Amino acid sequence: NDLALGGLVERSGPGHYRLGMRLLALGNLVKSRLDVREQAARPMQDLHRLSGHAVSLFVRQEDEAVCVERTVAERHGIHLTCTDGLRAPLTRCAAGKVLLLDEPSLVLQALCQLQADNLEGLQRELDTLRTQGIVLHHEAMGVGQHMAATPIRNDLGQIIASLVLSWQGGDLRSDWVEALKATASRISTAMGWRAPE
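Residues numbered from 1 in each chain as written. Predicted model: local features only at pLDDT ≥ 70, side-chain atom pairs only at ≥ 80, totals over all residues. Heavy atoms only, no water.

**Q** Explain the overall build of the protein to me, using residue names and the numbers behind them.
**A** When helices and strands are tallied, the protein shows seven helices and nine strands. Going through the 197 residues of the protein one by one, you find that 41% of them count as buried. For the protein, the accessible area works out to roughly 11,200 Å², and carbon and sulfur atoms hold 53% of it. (Helix = DSSP H or I, 4+ residues; strand = E, 2+ residues; numbered from the N terminus. Buried < 20%, exposed > 50% of the residue type's maximum accessible area, 1.4 Å probe, protein only. Areas by Shrake-Rupley, 256 points an atom, 1.4 Å probe, with all protein chains shown as cover.)

Have a look at this one:
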């Protein structure tokens, strides 16, 4: 009776109840307070500790991918630094390509024309991302600099950010790939996403 008075449940018949509209309002309030930067902080630090390499969080701003957080190794541990200045065209970096994964062909075509990029090459990379869960970018920020990126989703399954592991020289180890994907999944779960069964 108390739950019904509070709007958390509604009577659906004698002795039967269903969830009330107040729960929907509370759920929306919780959702509005979720911040991907906040939810990603500890998982990013954990991934940096595991791999020994910098981890970045990118979000989309119009036709660019913008780095909003990056891990930094300091004497007293792994810390996050805000890096709003680091940006790149969506079609030209691993982080940006992740953010384009669910875009329709017409949007991809328009972006490729705008940025003078090859649409077929971009679509091949997005297909690889769909099957492998990551996209790679070699010589990303200079000679020998590599990036691997994977998506972070919200409760509706929409891509809201890309998680990027950066390393200097050498090949991407398979355990880093799995750790990167697991970290992105952990952040997505914190944002309300549930993997399809």
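There is more to say, and it comes next.
**Q** Report on the environment of Glu178, specifying residues and quantitative values.
**A** Among the secondary structure elements, Glu178 is positioned in helix H7 (residues 174-190). Distance in space between the C-alpha atoms of Glu178 and Gly133 is 9.5 Å, their sequence separation being 45 residues.

**Q** Kindly report on the packing of helix H5 (residues 105-114) against helix H6 (residues 119-132), identifying the contributing residues and their values.
**A** Running from amino to carboxyl end, H5 crosses H6 at an angle of 130°, the nearest separation of the two axes being 10 Å. What the angle tells us is that H5 and H6 run oblique. In this structure, H5 meets H6 at a crossing whose hand is right-handed. When H5 is examined against H6, the residues Ser105, Leu108, Gln109 and Cys112 are found in contact with a partner set consisting of Leu119, Leu122, Gln123 and Leu126. Per-class residue counts for the contact of H5 with H6 are five nonpolar, three polar and no charged. (Axes fitted to C-alpha atoms, helices over the stretch in contact; angles between N-to-C directions. Parallel < 35°, antiparallel > 145°, perpendicular 65-115°, else oblique. Left-handed = near helix turned anticlockwise from the far one by under 90°. Contact = heavy atoms within 4.5 Å. Nonpolar A, V, L, I, M, F, W, Y, C, P; charged D, E, K, R; others polar.)

**Q** Break down the packing of aromatic side chains for me, with residues and values.
**A** Scanning the model with the defined rule gives one aromatic pair in all. Ring plane angle 65° and centroid distance 6.3 Å describe the contact between Trp167 and Trp176, whose orientation is recorded as edge-to-face. Comparing Trp167 with Trp176, the two get one shared label, buried. (Phe/Tyr/Trp six-rings, centres within 6.5 Å; stacked < 30°, edge-to-face > 60°.)

**Q** Hey, could you go over H6 for me, with residue numbers and the actual values?
**A** Helix length check: H6 (14 residues) gives 20 Å between terminal C-alpha atoms against 20 Å at 1.5 Å per residue, within 8%. Within H6, the full set of buried residues consists of Gly121, Leu122, Leu126 and Leu129. Angularly, the buried residues of H6 cover 135° about the axis, an arc narrow enough to put them on a single face. What points out from H6, more than 90 degrees from its buried face, is the exposed set Glu120, Arg124 and Thr131. Contact partners of the buried residues in H6: helix H4 (94-99), H5, strand S7 (135-138) and strand S8 (145-153). Regarding H6, its N-cap is Asn118, as a side-chain oxygen of that residue lies 2.9 Å from the backbone nitrogen of Glu120 further along. In the segment just after H6, Gly133 is the residue with positive phi, at about 85°. (Expected span 1.5 Å × (residues − 1). Arc of directions from axis to C-beta. Polar contact = N/O pair within 3.5 Å; in protein donor to acceptor, adjacent residues only side chain to side chain.)

**Q** Quick rundown of the environment of Leu119? Include the residues and the values.
**A** Mapped onto the elements of the fold, Leu119 is located in helix H6. Taking the C-alpha atoms as reference points, Leu119 and Thr91, 28 residues apart in sequence, are found 9.1 Å from one another. Apart from residues lying up to four places away in sequence, Leu119 is in contact with Leu108, Gln109 and Cys112.

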